[in-house]
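Residues per chain are reported as follows:
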There are 2 protein chains.
Amino acid sequence: MHQTTVRVAEGALDANQTIAESNRADFDAAGVTVVNLMSAPGAGKTTLLERALEDTGDVRVGVLEGDVRGSLDADRLSHLHVPVTQINTDPAFGGECHLDANMVRSAIPEVPLEEIELLVIENVGNLVCPAEFRVGEDARWMISSVTEGEDKPLKYPLMFRTCELVVINKVDLLPHLDFDLDRFLANLDQVNPDVETLRLSARTGEGTDAWRERLLSLAAG
Amino acid sequence: MHQTTVRVAEGALDANQTIAESNRADFDAAGVTVVNLMSAPGAGKTTLLERALEDTGDVRVGVLEGDVRGSLDADRLSHLHVPVTQINTDPAFGGECHLDANMVRSAIPEVPLEEIELLVIENVGNLVCPAEFRVGEDARWMISSVTEGEDKPLKYPLMFRTCELVVINKVDLLPHLDFDLDRFLANLDQVNPDVETLRLSARTGEGTDAWRERLLSLAAG
């Protein structure tokens, strides 16, 4: 039984990789850079996207929203002048806890790739499985909010290791928390030395200009 | 291919139910009440356990800690006079994002059931899959922190629906957030009408006496 289970799991991973490469080819053909944005639930992915997409200058951005159910996040972005596509993972049993390459592939026909040069994929809020499934992205970024505690890089090492940028959100709350930023950075350094970080508050706007610039700069890459 | 995948998933769920019932029988035979404690990463499960287990009166409590990797949470509880058993989900591919009945079953020999009357299972921090896998528990409780936003019951309905108690943590931060508690409660009511709630702050201690009493009262049930 165990061997059968493992074999199925490996097969699923291989299929994911195959489909991710097809996605990658489609994105390349359209000249679209793709970032896979991940975090725990409530870390601020959507609020940060709102901040960034208020003014995208001459960069044409699209968003692919992954949620277990509903379109709350897509609705929040609907007042911005960017095309937003929703994927729900709910039809799978119980609601999948992550996006995989095939879910993204199924959504590609709904994404106006010819009209954009940067696609932001907002993954399901989860620090485990999203890190395990590449979807054809160029960059993997995550958001970690200071309310989650300093230990998260050690408890979810694959997520923190797989990302090239860790955005540290909700720094406006630091005076009201016991969070030790130096300890968080030391824990992060243990699993992903020299990873790029940004510190900001999506709520107050502190640091969000640098975030917008960093996100839009992906389009040039 | 799709049909094969679905069939395997259903088989896995059935096996989980079968094993959960075996766990349930073992817990019943030992006279142990079991609560499955779930939340997003960083919502405060371990801190709330520390608060509750500082003084358990004459109730004999044990803890089963589920983590992807490491024993940070178990270490945090080690100064308390309760037996703590650690399960790591890491050996499975990539690190499982939840506890299932078989993982709990594999840990039961390490849990001193004869010495306790209440077992708290701290699940992996995740709002999706833990809700899908019963492990033989009597009660399912979750912790939702106000820093996560009001929309979480609508985005993760299965988790909020499956629990009999929702603990609303970090209320000390309310003055510093845009969180609308009434809207959160209305969203919660949509998915789980009349669910029991507790409001508290694990950090300041506000409301944690009621939390401790509620937790320990399970042992009498």
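So, how was this worked out
- Residues numbered from 1 in each chain as written.
- Chains lettered and ligands numbered in written order.
- Predicted model: local features only at pLDDT ≥ 70, side-chain atom pairs only at ≥ 80, totals over all residues.
- Heavy atoms only, no water.
- Helix = DSSP H or I, 4+ residues; strand = E, 2+ residues; numbered from the N terminus.
- Rg over C-alpha atoms; globule rule 2.2 N^0.38 Å.
- Buried < 20%, exposed > 50% of the residue type's maximum accessible area, 1.4 Å probe, protein only.
- Contact = heavy atoms within 4.5 Å.
- Areas by Shrake-Rupley, 256 points an atom, 1.4 Å probe, with all protein chains shown as cover.
- Lys, Arg positive; Asp, Glu negative; His and termini not counted.
- Charge placed at Lys NZ, Arg CZ, Asp CG, Glu CD.
- Buried area = accessible area lost by both parts, 1.4 Å probe.
- Salt bridge = Lys/Arg side-chain N within 4 Å of Asp/Glu carboxyl O.
- Polar contact = N/O pair within 3.5 Å; in protein donor to acceptor, adjacent residues only side chain to side chain.
- Nonpolar A, V, L, I, M, F, W, Y, C, P; charged D, E, K, R; others polar.
- Pairing = 2+ DSSP bridges.
- Axes fitted to C-alpha atoms, helices over the stretch in contact; angles between N-to-C directions.
- Phe/Tyr/Trp six-rings, centres within 6.5 Å; stacked < 30°, edge-to-face > 60°.
- Disulfide = S-S within 2.5 Å.
- Least-squares fit on C-alpha atoms with pLDDT ≥ 70 in both.
- 1 Å grid on protein atoms, 1.4 Å probe; cavity = no way out; pocket = protein on both sides within 12 Å on 5 of 7 lines; lining within 4 Å.
- Points joined across faces, edges and corners; volume = space filled by probe spheres on them.

**Q** Quick one: what's the story with the overall build of chain A, residue by residue and with numbers?
**A** Within chain A one finds eight helices and seven strands. Scaling as 2.2 N^0.38, a compact globule of 221 residues should have a C-alpha radius of gyration of about 17 Å, and chain A matches this with 17 Å. Dimensions of chain A along its principal axes, counting C-alpha atoms only, are 50 × 50 × 30 Å. The proportion of buried residues among the 221 residues of chain A is 60%. Considering only residue pairs separated by 6 or more positions, chain A has 74% of its internal contacts joining residues 24 or more positions apart. Surface summary for chain A: the accessible area is close to 9,000 Å², and the carbon and sulfur share equals 48%. A gap of 4 Å separates the mean positions of the 19 positive and 38 negative side-chain charges of chain A.

**Q** I'd like a description of the interface of chain B and chain A, backed by residues and values.
**A** Taken together, the contact pairs 42 residues of chain B with 42 residues of chain A. For the pair chain B and chain A, the two sides together bury roughly 3,300 Å², of which 60% comes from carbon and sulfur. Here chain B is connected to chain A by six salt bridges. Linking R203 of chain B and D178 of chain A is a salt bridge whose minimum nitrogen-to-oxygen distance equals 3.2 Å. Applying the counting criterion to the chain B and chain A interface returns 13 residue pairs in polar contact (both at pLDDT 80 or more). Elements supplying a minimum of two residues to the side of chain B that touches chain A: helix 1 (2-30), helix 3 (72-77), helix 5 (152-155) and helix 6 (157-162) of chain B. The class makeup of the residues in the side of chain B that touches chain A is 18 nonpolar, nine polar and 15 charged.

**Q** Give a detailed account of the sheet that holds strand 5 (residues 139-145) of chain B, specifying residues and quantitative values.
**A** Residue and element names in this part refer to chain B. A sheet is described by the order of its strands in space; here seven strands give the open sequence 3-2-4-1-5-6-7, paired in parallel fashion. Looking at strand neighbours, the two that pair on one side only are strand 3 (84-88) and strand 7 (196-199), the edges of this open sheet. Going across the sheet, the axis of each strand differs from the next one's by a mean of 20 degrees, ignoring polarity. Relative to strand 7, strand 6 (residues 165-169) runs parallel, the two sharing four bridges. Bridge pairing in strand 7 links V166 to T197.

**Q** Go over the packing of aromatic side chains with me, naming the residues and quoting the values.
**A** Scanning the model with the defined rule gives six aromatic pairs over all chains in all. Aromatic side chains F160 of chain A and F184 of chain A sit 6.3 Å apart centroid to centroid with 70 degrees between the ring planes, which places their arrangement in the edge-to-face category. Of this pair, F160 of chain A sits in helix 6 (residues 157-162) while F184 of chain A sits in helix 7 (residues 181-191); the two residues are 24 residues apart in sequence, bridging distant segments of the chain. With relative accessibility at 0%, the residue F160 of chain A sits in the buried group. On the accessibility criterion, F184 of chain A (1% relative accessible area) is buried. The interplanar angle of 45 degrees and the centroid separation of 5.6 Å between the aromatic rings of F179 of chain B and F184 of chain B together place this pair among those described as tilted.

**Q** Residue-level account of the state of the cysteines, with values.
**A** All told, the structure shown has zero disulfides over all chains when counted by the stated rule. Of all cysteine sulfurs in the structure, the one in C129 of chain A sits closest to C97 of chain B, which takes part in no disulfide; the separation is 3.5 Å.

**Q** Account for the relation of the copies chain B and chain A, naming residues and giving values.
**A** With an RMSD of 0.0 Å, chain B superimposes on chain A once it is rotated by 180 degrees and translated 0.0 Å along the axis. Given the turn and translation reported, the copies of this chain are related as if by a two-fold rotation axis. Within chain B, N126 of chain B has its C-alpha nearest the rotation axis, a separation of 3.0 Å. When the interface residues of chain B are mapped onto chain A, 100% of them are again interface residues, pointing to one common binding face.

**Q** If you had to explain the sheet that holds strand 7 (residues 196-199) of chain A to someone new, which residues and values would you point to?
**A** Picture the strands of a sheet paired through backbone hydrogen bonds; they go either parallel or antiparallel. All names here are of chain A. An order of 3-2-4-1-5-6-7 is seen for the seven strands of this open sheet, with the pairing classed as parallel. Among the strands making up the open sheet, the edge pair consists of strand 3 (84-88) and strand 7. Direction aside, the axes of adjacent strands within the sheet are offset by 20 degrees on average. As paired elements, strand 1 (residues 33-39) and strand 4 (residues 118-122) share five bridges and run parallel to each other. What sits directly across from L37, in strand 4, is E122.

**Q** Run through the pattern of salt bridges, naming residues and quoting values.
**A** Using the criterion set out here, one finds 30 salt bridges over all chains in the structure. The shortest N-O distance in the salt bridge between K155 of chain B and D67 of chain A comes to 3.2 Å. Taken together, the residues K155 of chain B in helix 5 and D67 of chain A in strand 2 (residues 61-67) connect one chain to another. Residue K155 of chain B shares its accessibility class with D67 of chain A, and that shared class is buried. When the shortest N-O distance is used, the salt bridge between D209 of chain B and R212 of chain B registers 3.0 Å. With D209 of chain B and R212 of chain B both in helix 8 (residues 208-217) and three residues apart, the pair spans about one turn of that helix. Overall, the relative accessible area of 47% leaves D209 of chain B in the partly exposed class. Owing to a relative accessible area of 15%, R212 of chain B belongs among the buried residues under this scheme.

**Q** Could you give an account of empty space enclosed by the protein, naming the residues involved and the relevant values?
**A** Per the counting criterion, the structure on display carries one cavity of 30 Å³ or more. Counted as a void, the largest cavity has a volume near 60 Å³. Residues belonging to the lining of the largest cavity are distributed by class as follows: six nonpolar, six polar and four charged.

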